[in-house]
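Chain by chain, the residues:
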Amino acid sequence: MAHIVIIGAGTGGMPAAYEMREMLDKQHQITVINSNDYFQFTPSNPWVGVGWRDRDSITFPIKPYLERKGINFIAATVDIIDAEENHLVLSNKEKIDYDYLFILTGPRLAFDEVEGSGPDGFSQSICTIDHAEKTYEAYKKFLENPGPIVVGAMPFASCFGPAYEFAFILDTDLRKRKLRKNVPITYVTSEPYIGHLGLGGVGDSKGMMESEFRSRHITWITNAKTTKVEDGKMHIEELDDSGNVIKNHEIEFNFSMMLPAFKGVDAVASVEGLCNPRGFVMVDDHQRNPTYKNIFSAGVCIAIPPVDATAVPTGAPKTGYMIETMVTAAVENIKAELEGREPTKTATWNAICLADMGDTGAAFVALPQIPPRNVNWFKKGKWVHFAKIAFEKYFIRKMKKGDYEPVFEKFILKTLGIERLD
(Lines give C-alpha, C1' and ligand atoms only; values in the text may rest on other atoms or scores of the structure.)
Protein backbone atom coordinates (compact mmCIF):
# COMPACT_ATOMS: atom_id res chain seq x y z
CA MET A 1 0.00 0.00 0.00
CA ALA A 2 1.30 3.45 -0.92
CA HIS A 3 0.57 6.74 0.81
CA ILE A 4 0.12 9.67 -1.58
CA VAL A 5 0.15 13.12 0.06
CA ILE A 6 -1.23 16.14 -1.76
CA ILE A 7 -0.21 19.59 -0.49
CA GLY A 8 -2.80 22.18 -1.45
CA ALA A 9 -6.57 22.06 -1.89
CA GLY A 10 -7.30 24.79 -4.40
CA THR A 11 -8.58 24.60 -7.95
CA GLY A 12 -5.77 22.13 -8.67
CA GLY A 13 -5.55 20.24 -5.39
CA MET A 14 -9.22 19.36 -4.96
CA PRO A 15 -9.62 17.86 -8.46
CA ALA A 16 -6.27 16.08 -7.97
CA ALA A 17 -7.56 14.41 -4.82
CA TYR A 18 -10.79 13.26 -6.46
CA GLU A 19 -9.04 12.06 -9.60
CA MET A 20 -6.38 10.24 -7.59
CA ARG A 21 -9.04 8.48 -5.52
CA GLU A 22 -10.97 7.46 -8.63
CA MET A 23 -7.96 6.15 -10.54
CA LEU A 24 -5.99 4.38 -7.80
CA ASP A 25 -6.75 1.08 -6.14
CA LYS A 26 -8.56 1.56 -2.81
CA GLN A 27 -5.64 -0.03 -0.95
CA HIS A 28 -3.64 3.16 -1.51
CA GLN A 29 -4.08 5.94 1.04
CA ILE A 30 -4.55 9.57 -0.02
CA THR A 31 -4.08 12.53 2.31
CA VAL A 32 -4.67 16.17 1.45
CA ILE A 33 -2.98 18.89 3.51
CA ASN A 34 -4.08 22.51 3.21
CA SER A 35 -3.30 25.59 5.29
CA ASN A 36 -7.01 26.49 5.44
CA ASP A 37 -9.89 24.21 6.35
CA TYR A 38 -11.98 25.61 3.50
CA PHE A 39 -11.88 25.61 -0.30
CA GLN A 40 -12.01 28.99 -2.03
CA PHE A 41 -12.87 29.54 -5.68
CA THR A 42 -10.12 32.05 -6.40
CA PRO A 43 -11.38 33.18 -9.85
CA SER A 44 -14.34 34.88 -8.14
CA ASN A 45 -12.20 37.07 -5.89
CA PRO A 46 -12.41 40.14 -8.19
CA TRP A 47 -16.17 40.09 -7.60
CA VAL A 48 -15.68 39.79 -3.84
CA GLY A 49 -13.47 42.89 -3.96
CA VAL A 50 -16.45 45.08 -4.94
CA GLY A 51 -19.13 43.21 -2.98
CA TRP A 52 -20.64 41.28 -5.91
CA ARG A 53 -19.86 38.00 -4.10
CA ASP A 54 -19.27 37.09 -0.46
CA ARG A 55 -17.30 34.39 1.35
CA ASP A 56 -20.25 32.04 1.76
CA SER A 57 -20.95 31.98 -1.98
CA ILE A 58 -17.44 30.89 -3.07
CA THR A 59 -16.10 28.81 -0.15
CA PHE A 60 -17.04 25.56 1.56
CA PRO A 61 -15.46 23.33 4.23
CA ILE A 62 -13.09 20.76 2.74
CA LYS A 63 -13.08 17.95 5.29
CA PRO A 64 -16.61 16.50 4.91
CA TYR A 65 -16.46 16.43 1.12
CA LEU A 66 -13.05 14.74 0.89
CA GLU A 67 -13.71 12.26 3.69
CA ARG A 68 -16.97 11.24 2.02
CA LYS A 69 -14.80 10.00 -0.84
CA GLY A 70 -12.37 8.17 1.44
CA ILE A 71 -9.69 10.89 1.31
CA ASN A 72 -7.94 12.00 4.51
CA PHE A 73 -7.74 15.74 5.19
CA ILE A 74 -5.49 17.74 7.51
CA ALA A 75 -5.86 21.49 7.96
CA ALA A 76 -2.31 22.62 8.71
CA THR A 77 0.67 24.36 7.16
CA VAL A 78 3.61 22.27 6.02
CA ASP A 79 6.70 23.62 7.76
CA ILE A 80 9.30 21.12 6.54
CA ILE A 81 9.59 18.80 3.55
CA ASP A 82 12.29 16.20 4.16
CA ALA A 83 12.63 14.95 0.61
CA GLU A 84 15.48 12.59 1.48
CA GLU A 85 13.54 10.79 4.22
CA ASN A 86 10.10 11.14 2.56
CA HIS A 87 8.24 12.87 5.33
CA LEU A 88 6.66 16.21 6.19
CA VAL A 89 6.55 18.15 9.44
CA LEU A 90 3.40 20.20 9.91
CA SER A 91 2.78 23.40 11.85
CA ASN A 92 1.05 21.32 14.54
CA LYS A 93 4.32 19.28 14.84
CA GLU A 94 2.69 16.22 13.31
CA LYS A 95 5.00 14.10 11.13
CA ILE A 96 3.54 12.66 7.92
CA ASP A 97 5.36 9.95 5.94
CA TYR A 98 4.69 9.63 2.22
CA ASP A 99 5.54 7.38 -0.70
CA TYR A 100 4.55 10.01 -3.25
CA LEU A 101 4.23 13.75 -2.73
CA PHE A 102 2.10 15.88 -5.06
CA ILE A 103 2.73 19.62 -4.58
CA LEU A 104 -0.11 21.99 -5.58
CA THR A 105 0.47 24.79 -3.09
CA GLY A 106 0.01 27.77 -5.38
CA PRO A 107 2.40 30.69 -4.81
CA ARG A 108 3.79 32.72 -1.97
CA LEU A 109 2.63 36.29 -2.51
CA ALA A 110 5.84 38.32 -2.47
CA PHE A 111 4.56 41.69 -1.29
CA ASP A 112 7.90 42.12 0.47
CA GLU A 113 9.59 42.72 -2.89
CA VAL A 114 7.95 46.15 -3.24
CA GLU A 115 8.12 48.34 -0.15
CA GLY A 116 4.73 49.38 1.18
CA SER A 117 2.68 47.07 -1.04
CA GLY A 118 0.02 44.59 -0.05
CA PRO A 119 -2.80 44.37 2.50
CA ASP A 120 -0.38 45.11 5.34
CA GLY A 121 0.85 48.14 3.41
CA PHE A 122 -0.96 50.65 1.24
CA SER A 123 -2.29 48.60 -1.70
CA GLN A 124 -4.95 45.92 -1.78
CA SER A 125 -4.97 42.38 -3.20
CA ILE A 126 -7.55 39.92 -4.52
CA CYS A 127 -5.30 36.84 -4.45
CA THR A 128 -7.14 35.18 -1.55
CA ILE A 129 -10.64 35.43 -0.12
CA ASP A 130 -9.21 37.12 2.99
CA HIS A 131 -7.47 39.72 0.84
CA ALA A 132 -10.56 40.22 -1.32
CA GLU A 133 -12.72 40.83 1.75
CA LYS A 134 -10.23 43.39 3.01
CA THR A 135 -10.25 44.99 -0.45
CA TYR A 136 -14.04 45.32 -0.28
CA GLU A 137 -13.80 47.02 3.13
CA ALA A 138 -11.27 49.47 1.68
CA TYR A 139 -13.48 49.99 -1.36
CA LYS A 140 -16.50 50.83 0.78
CA LYS A 141 -14.44 53.51 2.55
CA PHE A 142 -13.22 54.74 -0.83
CA LEU A 143 -16.82 55.20 -2.02
CA GLU A 144 -17.31 57.74 0.77
CA ASN A 145 -14.45 59.82 -0.67
CA PRO A 146 -13.92 58.88 -4.34
CA GLY A 147 -10.71 59.81 -6.12
CA PRO A 148 -7.98 58.29 -8.32
CA ILE A 149 -7.61 54.50 -8.55
CA VAL A 150 -4.50 52.52 -9.52
CA VAL A 151 -4.86 48.86 -10.57
CA GLY A 152 -2.29 46.51 -12.06
CA ALA A 153 0.56 44.09 -11.51
CA MET A 154 4.02 44.32 -9.92
CA PRO A 155 7.32 43.14 -11.44
CA PHE A 156 7.58 39.32 -11.52
CA ALA A 157 3.79 38.98 -11.53
CA SER A 158 2.65 36.03 -13.62
CA CYS A 159 -1.14 36.26 -13.48
CA PHE A 160 -2.57 39.31 -15.21
CA GLY A 161 -6.16 38.31 -15.91
CA PRO A 162 -7.47 39.23 -12.43
CA ALA A 163 -5.89 42.70 -12.65
CA TYR A 164 -7.63 43.41 -15.96
CA GLU A 165 -10.85 41.95 -14.60
CA PHE A 166 -10.73 44.10 -11.49
CA ALA A 167 -10.07 47.30 -13.46
CA PHE A 168 -13.12 46.62 -15.66
CA ILE A 169 -15.27 45.52 -12.71
CA LEU A 170 -14.41 48.72 -10.84
CA ASP A 171 -15.31 50.76 -13.91
CA THR A 172 -18.66 48.97 -14.21
CA ASP A 173 -19.48 49.22 -10.51
CA LEU A 174 -18.62 52.93 -10.35
CA ARG A 175 -20.77 53.65 -13.41
CA LYS A 176 -23.69 51.85 -11.78
CA ARG A 177 -23.19 54.04 -8.71
CA LYS A 178 -22.99 57.20 -10.88
CA LEU A 179 -19.51 57.89 -9.47
CA ARG A 180 -17.29 57.05 -12.43
CA LYS A 181 -16.88 60.70 -13.50
CA ASN A 182 -15.15 61.39 -10.18
CA VAL A 183 -12.65 58.52 -10.47
CA PRO A 184 -9.62 58.52 -12.81
CA ILE A 185 -8.36 54.91 -13.24
CA THR A 186 -4.76 54.09 -14.19
CA TYR A 187 -3.63 50.58 -15.09
CA VAL A 188 0.03 49.96 -14.14
CA THR A 189 1.68 46.76 -15.32
CA SER A 190 5.00 45.07 -15.90
CA GLU A 191 3.71 43.88 -19.29
CA PRO A 192 5.44 45.45 -22.32
CA TYR A 193 2.05 46.35 -23.79
CA ILE A 194 -1.63 46.18 -22.91
CA GLY A 195 -3.04 42.76 -23.71
CA HIS A 196 0.30 40.96 -23.40
CA LEU A 197 -1.17 38.88 -20.53
CA GLY A 198 2.15 37.15 -19.89
CA LEU A 199 1.49 35.24 -23.12
CA GLY A 200 3.01 37.55 -25.72
CA GLY A 201 -0.55 38.52 -26.62
CA VAL A 202 -3.32 36.30 -27.92
CA GLY A 203 -4.88 37.11 -31.27
CA ASP A 204 -5.61 40.84 -31.33
CA SER A 205 -5.64 41.12 -27.54
CA LYS A 206 -3.41 44.21 -27.74
CA GLY A 207 -5.70 46.18 -30.01
CA MET A 208 -8.88 44.93 -28.38
CA MET A 209 -7.79 45.61 -24.81
CA GLU A 210 -6.37 49.03 -25.67
CA SER A 211 -9.66 49.89 -27.37
CA GLU A 212 -11.60 48.72 -24.33
CA PHE A 213 -9.41 50.81 -22.03
CA ARG A 214 -9.89 53.89 -24.21
CA SER A 215 -13.66 53.45 -24.38
CA ARG A 216 -13.76 53.20 -20.59
CA HIS A 217 -11.30 56.09 -20.09
CA ILE A 218 -8.72 53.92 -18.33
CA THR A 219 -5.17 55.19 -18.87
CA TRP A 220 -2.15 52.92 -18.60
CA ILE A 221 1.58 52.62 -17.99
CA THR A 222 3.35 49.55 -19.39
CA ASN A 223 6.92 48.35 -18.83
CA ALA A 224 6.21 49.64 -15.35
CA LYS A 225 8.55 48.77 -12.49
CA THR A 226 6.72 49.65 -9.30
CA THR A 227 9.40 50.46 -6.73
CA LYS A 228 7.50 51.71 -3.69
CA VAL A 229 3.98 52.29 -2.41
CA GLU A 230 3.22 54.98 0.13
CA ASP A 231 -0.07 56.01 1.69
CA GLY A 232 -1.87 57.46 -1.32
CA LYS A 233 1.14 57.47 -3.66
CA MET A 234 2.77 54.90 -5.94
CA HIS A 235 6.34 55.23 -7.25
CA ILE A 236 6.95 53.75 -10.71
CA GLU A 237 9.85 53.58 -13.12
CA GLU A 238 8.70 53.35 -16.74
CA LEU A 239 11.24 51.49 -18.89
CA ASP A 240 11.82 51.27 -22.61
CA ASP A 241 12.08 47.87 -24.27
CA SER A 242 15.84 47.81 -23.61
CA GLY A 243 15.32 48.20 -19.88
CA ASN A 244 16.34 51.87 -19.61
CA VAL A 245 14.32 54.19 -17.37
CA ILE A 246 12.56 56.72 -19.57
CA LYS A 247 10.25 58.29 -16.99
CA ASN A 248 9.63 58.31 -13.25
CA HIS A 249 6.02 58.46 -12.11
CA GLU A 250 4.50 59.36 -8.77
CA ILE A 251 0.82 58.51 -9.04
CA GLU A 252 -1.56 59.59 -6.32
CA PHE A 253 -4.46 57.31 -5.45
CA ASN A 254 -7.36 56.96 -3.05
CA PHE A 255 -7.62 53.23 -3.70
CA SER A 256 -5.24 50.71 -5.25
CA MET A 257 -5.14 46.99 -6.03
CA MET A 258 -1.85 45.61 -7.33
CA LEU A 259 -1.16 41.93 -7.96
CA PRO A 260 2.17 40.95 -6.38
CA ALA A 261 5.09 38.92 -7.64
CA PHE A 262 4.80 35.18 -7.09
CA LYS A 263 7.41 32.96 -5.46
CA GLY A 264 7.42 29.43 -4.11
CA VAL A 265 6.09 28.85 -0.59
CA ASP A 266 8.83 28.62 2.04
CA ALA A 267 8.64 24.90 2.84
CA VAL A 268 8.87 24.01 -0.85
CA ALA A 269 11.47 26.61 -1.82
CA SER A 270 13.83 25.53 0.97
CA VAL A 271 14.27 21.96 -0.33
CA GLU A 272 17.65 21.74 -2.04
CA GLY A 273 17.41 20.52 -5.63
CA LEU A 274 13.62 20.83 -5.81
CA CYS A 275 13.14 24.39 -7.06
CA ASN A 276 14.52 27.18 -9.22
CA PRO A 277 15.87 30.39 -7.60
CA ARG A 278 12.36 31.85 -7.29
CA GLY A 279 11.18 28.77 -5.38
CA PHE A 280 9.11 27.17 -8.14
CA VAL A 281 9.21 23.38 -8.41
CA MET A 282 11.18 22.05 -11.36
CA VAL A 283 9.37 19.26 -13.21
CA ASP A 284 10.00 17.13 -16.28
CA ASP A 285 7.51 16.41 -19.05
CA HIS A 286 5.67 14.05 -16.72
CA GLN A 287 5.22 16.59 -13.86
CA ARG A 288 7.93 14.78 -11.88
CA ASN A 289 10.84 16.49 -10.18
CA PRO A 290 14.18 15.45 -11.76
CA THR A 291 15.94 15.21 -8.38
CA TYR A 292 13.25 13.54 -6.28
CA LYS A 293 11.45 11.07 -8.52
CA ASN A 294 8.59 10.52 -6.08
CA ILE A 295 7.69 14.23 -5.95
CA PHE A 296 5.26 15.55 -8.55
CA SER A 297 3.94 19.07 -8.92
CA ALA A 298 1.43 21.05 -10.97
CA GLY A 299 -0.16 24.47 -11.16
CA VAL A 300 1.09 27.91 -10.25
CA CYS A 301 3.88 26.50 -8.08
CA ILE A 302 5.85 24.88 -10.93
CA ALA A 303 8.68 26.49 -12.87
CA ILE A 304 7.97 27.38 -16.48
CA PRO A 305 9.94 29.93 -18.52
CA PRO A 306 8.49 33.29 -19.58
CA VAL A 307 6.93 33.29 -23.02
CA ASP A 308 9.26 36.09 -24.10
CA ALA A 309 11.91 38.44 -22.73
CA THR A 310 10.50 41.67 -21.28
CA ALA A 311 12.10 44.82 -19.89
CA VAL A 312 10.37 44.30 -16.54
CA PRO A 313 10.26 40.65 -15.38
CA THR A 314 6.90 39.21 -16.44
CA GLY A 315 5.97 35.59 -15.79
CA ALA A 316 3.80 33.22 -17.79
CA PRO A 317 0.36 32.40 -16.35
CA LYS A 318 -0.88 28.91 -15.60
CA THR A 319 -4.55 28.93 -16.53
CA GLY A 320 -7.17 26.58 -15.12
CA TYR A 321 -7.32 24.35 -18.18
CA MET A 322 -3.53 24.00 -18.27
CA ILE A 323 -3.43 23.14 -14.56
CA GLU A 324 -6.17 20.55 -15.07
CA THR A 325 -4.14 18.76 -17.73
CA MET A 326 -1.03 18.86 -15.49
CA VAL A 327 -3.02 17.27 -12.68
CA THR A 328 -4.36 14.49 -14.90
CA ALA A 329 -0.89 13.76 -16.28
CA ALA A 330 0.63 13.58 -12.80
CA VAL A 331 -2.13 11.32 -11.45
CA GLU A 332 -1.84 8.93 -14.38
CA ASN A 333 1.95 8.86 -14.05
CA ILE A 334 1.81 8.10 -10.31
CA LYS A 335 -0.65 5.33 -11.11
CA ALA A 336 1.76 3.98 -13.74
CA GLU A 337 4.65 3.90 -11.28
CA LEU A 338 2.54 2.14 -8.65
CA GLU A 339 1.77 -0.50 -11.28
CA GLY A 340 5.44 -0.89 -12.21
CA ARG A 341 5.21 1.03 -15.48
CA GLU A 342 7.16 4.05 -16.70
CA PRO A 343 5.35 7.44 -16.77
CA THR A 344 4.24 8.46 -20.26
CA LYS A 345 1.53 11.09 -19.83
CA THR A 346 2.24 14.75 -20.53
CA ALA A 347 0.20 17.88 -19.90
CA THR A 348 -1.39 19.98 -22.64
CA TRP A 349 0.27 23.37 -22.57
CA ASN A 350 -2.71 25.24 -23.88
CA ALA A 351 -4.14 28.44 -22.45
CA ILE A 352 -7.93 28.85 -22.37
CA CYS A 353 -9.54 31.51 -20.23
CA LEU A 354 -12.81 33.31 -19.62
CA ALA A 355 -12.21 36.81 -18.23
CA ASP A 356 -14.99 38.96 -16.80
CA MET A 357 -15.10 42.65 -17.71
CA GLY A 358 -17.90 43.77 -15.43
CA ASP A 359 -20.71 44.03 -17.95
CA THR A 360 -19.09 42.04 -20.75
CA GLY A 361 -16.14 39.65 -21.00
CA ALA A 362 -13.28 38.28 -23.06
CA ALA A 363 -12.31 34.74 -23.96
CA PHE A 364 -8.95 33.68 -25.29
CA VAL A 365 -7.51 30.46 -26.64
CA ALA A 366 -3.75 30.01 -27.16
CA LEU A 367 -2.81 26.57 -28.53
CA PRO A 368 -0.10 26.03 -27.44
CA GLN A 369 0.58 28.70 -24.84
CA ILE A 370 4.12 29.36 -26.07
CA PRO A 371 4.26 30.69 -29.69
CA PRO A 372 4.21 29.83 -32.53
CA ARG A 373 0.64 28.63 -32.14
CA ASN A 374 -1.82 26.48 -34.02
CA VAL A 375 -4.71 28.54 -32.61
CA ASN A 376 -4.47 32.20 -31.54
CA TRP A 377 -7.99 33.38 -30.76
CA PHE A 378 -9.47 36.23 -28.70
CA LYS A 379 -13.13 37.29 -28.58
CA LYS A 380 -15.23 39.70 -26.54
CA GLY A 381 -18.92 39.67 -25.66
CA LYS A 382 -21.53 39.68 -22.92
CA TRP A 383 -21.78 35.90 -23.28
CA VAL A 384 -18.35 35.57 -21.62
CA HIS A 385 -19.53 37.50 -18.56
CA PHE A 386 -22.48 35.14 -18.15
CA ALA A 387 -20.35 32.09 -18.96
CA LYS A 388 -17.95 32.88 -16.13
CA ILE A 389 -20.84 33.26 -13.69
CA ALA A 390 -22.14 29.88 -14.83
CA PHE A 391 -18.71 28.29 -14.55
CA GLU A 392 -18.31 29.47 -10.94
CA LYS A 393 -21.50 27.66 -9.96
CA TYR A 394 -20.60 24.63 -12.07
CA PHE A 395 -17.10 24.23 -10.59
CA ILE A 396 -18.19 24.62 -6.96
CA ARG A 397 -21.03 22.15 -7.48
CA LYS A 398 -18.64 19.62 -9.01
CA MET A 399 -16.13 19.99 -6.15
CA LYS A 400 -18.83 19.42 -3.57
CA LYS A 401 -20.11 16.41 -5.47
CA GLY A 402 -16.61 15.00 -5.80
CA ASP A 403 -16.50 14.63 -9.56
CA TYR A 404 -13.09 13.89 -10.99
CA GLU A 405 -13.93 14.59 -14.63
CA PRO A 406 -11.97 17.37 -16.43
CA VAL A 407 -14.15 20.27 -15.27
CA PHE A 408 -12.42 23.09 -17.19
CA GLU A 409 -12.26 21.11 -20.42
CA LYS A 410 -15.86 19.93 -20.32
CA PHE A 411 -17.35 23.34 -19.54
CA ILE A 412 -15.12 25.72 -21.49
CA LEU A 413 -14.89 23.65 -24.65
CA LYS A 414 -18.66 23.30 -24.71
CA THR A 415 -19.03 27.04 -24.13
CA LEU A 416 -16.61 27.90 -26.93
CA GLY A 417 -18.03 25.26 -29.26
CA ILE A 418 -14.71 23.42 -29.56
CA GLU A 419 -14.83 19.64 -29.78
CA ARG A 420 -11.21 18.87 -28.91
CA LEU A 421 -7.85 20.54 -28.45
CA ASP A 422 -5.27 18.13 -29.84
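Residues numbered from 1 in each chain as written. Predicted model: local features only at pLDDT ≥ 70, side-chain atom pairs only at ≥ 80, totals over all residues. Heavy atoms only, no water.

Some words on the pattern of salt bridges
Reasoning step 1: Using the criterion set out here, one finds 28 salt bridges in the structure.
Reasoning step 2: The salt bridge involving E165 is made with K388; its shortest N-O contact spans 2.6 Å. On the criterion of sequence distance, the pair formed by E165 in helix α6 (residues 161–176) and K388 in helix α10 (residues 382–401) is long-range, its members being 223 residues apart. The same class applies to E165 as to K388, namely buried.
Reasoning step 3: Between R177 and D173 there is a salt bridge, and its shortest N-O distance comes to 2.7 Å.
Reasoning step 4: Bridged by salt links that share partners, the residues D171, R175, R180, E212, R216, D359 and K380 form one connected network. (Salt bridge = Lys/Arg side-chain N within 4 Å of Asp/Glu carboxyl O. Helix = DSSP H or I, 4+ residues; strand = E, 2+ residues; numbered from the N terminus. Buried < 20%, exposed > 50% of the residue type's maximum accessible area, 1.4 Å probe, protein only.)

Comments concerning the environment of P260
Reasoning step 1: Within the secondary structure, P260 sits in the loop between β17 (255–259) and β18 (262–263).
Reasoning step 2: For the pair P260 and A17, spaced 243 residues apart in the sequence, the C-alpha separation amounts to 28 Å.
Reasoning step 3: Residues contacting P260, with those up to four places away along its chain left out, are L109, A110, F111, C127, M154 and A157. (Contact = heavy atoms within 4.5 Å.)

Notes on the packing of aromatic side chains
Working definition: an aromatic ring pair is given by the centre-to-centre distance plus the angle between the planes.
Reasoning step 1: On inspection of all chains with the given rule, the structure shows 21 aromatic pairs.
Reasoning step 2: For the ring pair F39 and F395, a centre distance of 6.1 Å and an interplane angle of 20° mean the geometry is stacked. Placement of F39 in strand β3 (residues 38–40) and of F395 in helix α10 is noted, with a sequence separation of 356 residues between them.
Reasoning step 3: Overall, F39 belongs to the buried group, its relative accessible area being 0%.
Reasoning step 4: A relative accessible area of 0% means that F395 is categorised as buried.
Reasoning step 5: Seen from their ring centres, F391 and F395 are 5.8 Å apart, and the 55° between their planes marks the pair as tilted. On the criterion of helical spacing, the pair formed by F391 and F395 is a turn pair, its members being 4 residues apart in helix α10. Each member of the pair, F391 together with F395, is buried. (Phe/Tyr/Trp six-rings, centres within 6.5 Å; stacked < 30°, edge-to-face > 60°.)

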